[in-house]
Amino acid sequence: MTLKIVIIDDETPLRRMLRIALQSAGYDVAEAENAATGLAAIARQQPDLVLLDLGLPDQSGHELLLELRTWSQVPVIILSVRNRESDKVLALDNGAQDYVTKPFSMEELLARIRANVRDRQPSTLPLVLDDGNLRIELAKRRVSINNIELILTPKEYAVLARLAQSPNCVITQKQLLHEIWGPHHQQDTHYLRVVISHLRQKIGDDPAEPQYLKTEAGVGYRFMFDERLMQ
Amino acid sequence: MADDSATADDRAQQADALLKNIQQQQKAQLKIFLGAAPGVGKTFSMLNAAKEQRQQGIDVVIGLVETHQRADTAALLTDFEMLPRKQIQYQQQTLSEFDLDAALKRQPELILVDELAHTNVSGSRHKRRYQDIEELLAAGIDVYTTLNVQHLENLHDLVMQITGIDVRETVPQDFVYAAQEVVFIDLPPANLIERLQQGKVYAEEYAQSALENFFTVENISALRELALKVAIEQMASQVKSEQDARTKRFQYAIHDKLLVLISNRSNHYYLIRNARRIIEKRQIPWLVVWVDTGQTTNEQHKNYLQSAMSLAKDFGAETEILRGPSTLETIIPFIIKNRINSVLLGSGIRASWRPWRKRIYQKLIESGLPLEVIVYRSPKQASHPISIEEPKLKTFGNLRSHLFGAITVTIATLLAHSLHPWLNQANLILIFVVAVVLMSLRFGLHAAISSALLAFFSFNFFLTEPRYSFIVNQKDDISTLVLLLIIALVCGPAASLIRRQLFLLEESNRYSETLRSLAQTFSVVNSKKNLWRELAKTLANSLRAECHIVTFKSKRHLDYQVYPTAASVFAPIDEAAIEWTRKHRETSGRFTDTLSASQWTFFPICKHKRILAILLLRFNESITGLSPYNKNLIAAMTQQAVDAWQRIRLVNDLESARVTAQVEQLRSALLSSVSHDLRSPLSAMMGAADSLRLLDPQLDLSNRIALIDTIVQESQRLDRYIENLIDMTRINHGDIKIERDWVSISDIIGSALTRIKRYFPHAITEYREEPMMPLLYVNAALLEQVIFNVLENAVKYSPDDEKITLHAACNARTCTIEIEDHGPGIAEPLREKIFDMFYVIADGDQRQHNTGMGLAICRGMIAAHGGTITALAGQNDIGTRFLIQLPLQAELNSRKKHDS
């Protein structure tokens, strides 16, 4: 079954380029040039993923997203020239799965699309992530580096596991805090920073150039994992 | 108000403290002989002290003393009068107790009651002995008593810890600490034990058990320490309460204030110097007050007063000028309001012709205010400097008023004489009465008296029998004279009082009116320059003096700005005074002690300690000093100016903050606009190129061509945008050079239309042109760009099936091009804004592919041609009509000529 993607963007040349690229990569593509037709297309096509521009002529992408989330949980990747953190956080909090700033590399976009489509299908998620160095066994709650088991605190494990469950997808700070610390700790980002720094220390990640736990500044974290090893 | 009440509270507290202290001093004295344990010799010491008292003649009685069969103590008792004990039956036993009633009845000066901690047998008046003693003290009888430290209530637990004994009989510590004296009776533990062993304290069998249980060296040492501590603490608390009272008294004193009242004719210098001596001794603030009753019109007098006031100021006094018709009536409310409790004033001169009149100090004393009135009689020779003679102006006024009196009386006489045949004597006199009343109302007392006398003589001479003689032969005539004089005496002072009040009212009206209008002016002033100009103008008008305000541009010497611009440059001495005043923030120049040779007077205008400006005033040369009115006026006006200055500064700060915010907003709009417009085509290009590289095997030919087309088109779009950006920058810098040539308008419009069709094939356009259009001398490329930009805008914003019309017309001077669409139109307030660079109606990237620069570029290019471009509403208010007006060559030539 081919996966279906709806592109909502007011730039005709960009839409055309995306359509060609995505079709060639094996997706079904539908296009919309504004928010109204975009929502209609999602309702009609029931796509597996939506690429959404924030600057639409009739409505902002943020508003569209809020409206969409009232009736659909389809993964949404924001595609925008706006690169301010506030826009990213707002979009992710409003229910977007990922955020890609224009101009982007096609390779990266395709990887993000694959990650987010897979994230929707939990059954396909492997219970063991192993790249030869880091091994995370989600079923056994066991993490090891070079076959040496790490001792993690419950919070550290929870954060790592949550990130590893959606490899390559951004998880916002708010989301992590809400899920792991509870609804009253959504502002306590320093908890998270401390846990992430401990985790990096334990798994041997360089904070300046992390291999696994990547920071999306001001937005959240992303667990980077070679997708080929997850097949 | 809040401040007032706080002060009142303070005072009440201070008064309480004082009262408490006094009460304590008057209260009967309580002396406690405190010991660490029984047997240290408390009773013995008490008796010795009482003996001393008795030797001084004090009436001493022993209320109750327990000798515990100690011989030396018993020996002391023999000399004293002893009250019999009260026998009380208790459970078949007869117990003896202190007889309180007997003691109260006996009323000695001092009574000795042993063992303060004792509990009375039930059936006594009080349960405890200390309560008996309280009653004795309340009755004014001094009491000596004894106490062992273990009986103190607050030490109960400690004593139990030390000795293991639960002491039941305790005395409240407050009672002990309130005693005037606590005498610590000390005996080293070893001596005490020795005494105990010798049986001097208790009977032998009892002493043995006491020695084992209680009287150990450790116990006694600890209790001794405690007793010592209690004695010290009690002493400290006594000292403290005395100190409290003392400091509070001092505080009360510094709330005092001395008011020095200088009257119109007192010797001011003498009073002020004396007042200074007093306040130096008392260390209190002082206030020098003059009440202006409007009587002092003499310039010399005024100057004298002013110099006295400034002397007082130099001595550190506050000075105040009050206004009112009478000194007493004005000063009394002032005294009450300022809570003044001392007044210093001169004795004043009792007018020898009015010996019944009380002097002002007498009136003050009799006013019933809680006042200390200090009266100085100035030495005779010292009182001379003030002339008491009538001021010149008044003399002239009097002369004139007497003249008027004579004329009025003459008229009255003529009138009465002509009416004589018809009216009787009693009615004729009324005519003279009217004349006298008129005179007194108009010219005051002196004129009234003179005209009353004149009227009497005239009446007597012309109208009474015998006619034309001054012979007074009837009792009636005497009464007429008296009547006229009484009217003059009553009406004259009343009239002068009314006139004086009127004068004061006018004066104060003028003052407040000037200030009010100034406040009004200042309320609308919005720049500092205007503020200083207005201040200078108003001051010049109300003081009738030349006025300038000097402000400083920098901290450098003499780098200043003058408002209004001075006609002549200031002399070196003036500049020196400006600098001096700036540096010292004090008045200088004429009428002052600094650089007084200058024609100007220099007043600093300060806010807190910062100098804002200097006020320069040049008064008429005939003026010899600054009147208090003028000084007040200057002070009030400059104060208002300072307030306004502060307001203006605040407004400016707000404004600049707003501008900064706007600039910031513009900057971020610009940034997001540029980033959007550069990145959008770039994203498509990069994406297409990436796809070509990445997905090459999967792409079919048509898709590959489509991607390549995308790259080409988008790079062109990017180029156009960058071109615009560069144009814009050039226009903004104003260095765009246009190379003109003769072209026909239809060619330019035609080429723009062709270009627009290429980008927007569906656009519908219509072009009309007036016949006989002249050629234009312009840069064809630029003009075409303008028309293209406007058209592009129109196409983007109008519905696809609506026509865009272009119309070119021309008169002798200008060529007009109108481009009208049927789009949504532009709201009136935004029609100018759309020409701003990067103006974005919606934020960021949320708009059609619009650079946000198009119209700004248009305006720049048209301006470079000397023309204008404006946005208007379309016909019937639908859509937008852009109006481009270009001057024709003839017009341009004539403009050039005009310029040269």
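The text that follows walks through the structure, step by step, so that each part is easy to find. (Residues numbered from 1 in each chain as written. Chains lettered and ligands numbered in written order. Predicted model: local features only at pLDDT ≥ 70, side-chain atom pairs only at ≥ 80, totals over all residues.)

## As for the packing of helix 16 (residues 425–443) of chain B against helix 17 (residues 445–463) of chain B
All names here are of chain B. For the pair helix 16 and helix 17, the least separation of the axes is 8 Å and the interaxial angle reads 160 degrees. With respect to each other, helix 16 and helix 17 are oriented roughly antiparallel. Viewed along their axes, helix 16 and helix 17 form a crossing whose handedness is right-handed. Between helix 16 and helix 17, the contacting residues are L428, I429, F432, A435, V436, M439, S440 and F443 on the first element and L445, A447, A448, S451, A452, A455, F459 and L463 on the second. Here the contact of helix 16 with helix 17 is built from residues that sort into 14 nonpolar, two polar and no charged. (Axes fitted to C-alpha atoms, helices over the stretch in contact; angles between N-to-C directions. Helix = DSSP H or I, 4+ residues; strand = E, 2+ residues; numbered from the N terminus. Parallel < 35°, antiparallel > 145°, perpendicular 65-115°, else oblique. Left-handed = near helix turned anticlockwise from the far one by under 90°. Contact = placed C-beta atoms within 7 Å. Nonpolar A, V, L, I, M, F, W, Y, C, P; charged D, E, K, R; others polar.)

## What to know about the pairing of strand 8 (residues 142–145) of chain A
All names here are of chain A. Here four bridges tie strand 7 (residues 134–137) to strand 8, and the two strands are oriented antiparallel to one another. Within the sheet, the bridge partner assigned to R135 lies in strand 8 and is S144. Counted between consecutive antiparallel strands, the loop separating strand 7 from strand 8 contains four residues, among which R141 sits at a positive phi close to 55 degrees. In the sheet, strand 8 pairs with strand 9 (residues 148–149) via two bridges, with the strands oriented antiparallel. Of the residues in strand 9, the one forming a bridge with I145 is I148. Where strand 8 folds back onto strand 9 in an antiparallel hairpin, the turn is made up of two residues, including N146, whose phi is positive at roughly 50 degrees. (Pairing = 2+ DSSP bridges.)

## Regarding the sheet that holds strand 6 (residues 128–130) of chain A
Judged by pairing direction, the sheet is antiparallel, and its four strands sit side by side in the order 6-7-8-9 (chain A) without closing on themselves. One side of each edge strand has no neighbouring strand; the edge strands of this open sheet are strand 6 and strand 9 of chain A.

## Notes on the environment of B:I578
Residue and element names in this part refer to chain B. Here I578 lies in helix 20 (residues 572–584). Assessed through the 24 C-beta atoms surrounding it within 10 Å, I578 is described here as buried. In the structure, I578 is positioned 20 residues away from L558 in sequence and 8.2 Å away in space, judged by C-alpha atoms. (Buried ≥ 20, exposed ≤ 12 C-beta atoms within 10 Å, placed from the backbone.)

## What about the packing of helix 23 (residues 745–759) of chain B against helix 24 (residues 780–797) of chain B?
In helix packing, the relevant descriptors are the interaxial angle and the interaxial distance, both defined with respect to the helix axes. Residue and element names in this part refer to chain B. Closest axis-to-axis distance for the helix 23/helix 24 pair is 9 Å, and the angle between their directions is 45 degrees. By the criterion of interaxial angle, the relationship of helix 23 to helix 24 is oblique. Judged by the sense of rotation from one axis to the other, the crossing of helix 23 with helix 24 is right-handed. The segment helix 23 lies against helix 24, with I748, I749, S751, A752, R755 and I756 engaging A780, L783, E784, I787, F788, L791, E792 and V795.

## Focus: the interface of chain B and chain A
Listed per partner, the contact involves 26 residues of chain B and 22 residues of chain A. The set of elements that each furnish at least two residues to the side of chain B that touches chain A consists of helix 21 (628–694) and helix 22 (701–733) of chain B. No other element matches helix 21 of chain B, which puts 13 residues into the side of chain B that touches chain A. For the side of chain B that touches chain A, the per-class residue count stands at nine nonpolar, 13 polar and four charged.

## Looking at the sheet that holds strand 10 (residues 170–172) of chain A
All names here are of chain A. Ordered in space as 10-12-11, the three strands form an open sheet in which the pairing is antiparallel. Strands with a single pairing partner mark the edges of an open sheet, and in this sheet they are strand 10 and strand 11 (213–216). Here the strands of the sheet are splayed against their neighbours by 30 degrees on average, with no regard to which way each runs. Relative to strand 12 (residues 220–223), strand 10 runs antiparallel, the two sharing three bridges. Within the sheet, the bridge partner assigned to I171 lies in strand 12 and is Y221. On top of the sheet, helix 7 (residues 173–181) reaches strand 10 and strand 12; it is set at about 65 degrees to strand 10, its chief contact.

## Remarks on the nonpolar core
Membership of the largest hydrophobic core comes to 64 residues, with the highest contact counts inside it found for A:V50, A:L51, A:L52 and A:I78. Of the residues forming this core, the biggest block, six residues, is contributed by helix 1 (residues 12–24) of chain A. Filtering out sequence-adjacent residues up to four positions away, A:L51 remains in contact with A:I5, A:I7, A:I8, A:L18, A:I77 and A:L79. Within the second largest apolar cluster, 50 residues are counted, among which are B:V40, B:F98, B:A179 and B:L192. (Core = buried A, V, L, I, M, F, W, Y, C linked by C-beta atoms within 7 Å.)

## Digging into unusual backbone geometry
In this structure, A:P103 follows A:K102 across a cis peptide bond, with omega equal to -10 degrees. By the secondary structure assignment, A:P103 is in the loop between strand 5 (98–101) and helix 5 (106–119). Between B:Y563 and the following residue, B:P564, the backbone shows a cis peptide bond with an omega angle of -25 degrees. Examined against the element boundaries, B:P564 turns out to sit in the loop between strand 15 (560–563) and helix 20. Of note in the backbone geometry, A:R141 takes a positive phi value of approximately 55 degrees without being a glycine. Topologically, A:R141 is positioned in the loop between strand 7 and strand 8. When the 12 C-beta atoms within 10 Å are taken as the criterion, A:R141 is described as exposed. Backbone geometry places B:R585, a non-glycine residue, at a positive phi of 55 degrees. Residue placement: B:R585 occurs in the loop between helix 20 and strand 16 (588–589).

## Focus: helix 23 of chain B
All names here are of chain B. Here helix 23 is 15 residues long and its end C-alpha atoms lie 22 Å apart, about the 21 Å a rise of 1.5 Å per residue gives. Taken together, the buried positions of helix 23 are I745, I748, I749, A752 and L753. One side of helix 23 holds all its buried residues, which, seen down the axis, span an arc of 130 degrees. Residues of helix 23 that are exposed and angled more than 90 degrees away from the buried face: S746, T754 and R758. Looking at the buried side of helix 23, the elements it contacts are strand 19 (741–743), strand 20 (764–769), strand 21 (776–778), helix 24, strand 22 (803–810) and strand 23 (814–820). (Expected span 1.5 Å × (residues − 1). Arc of directions from axis to C-beta.)

Nothing here speaks to function; it is geometry throughout.
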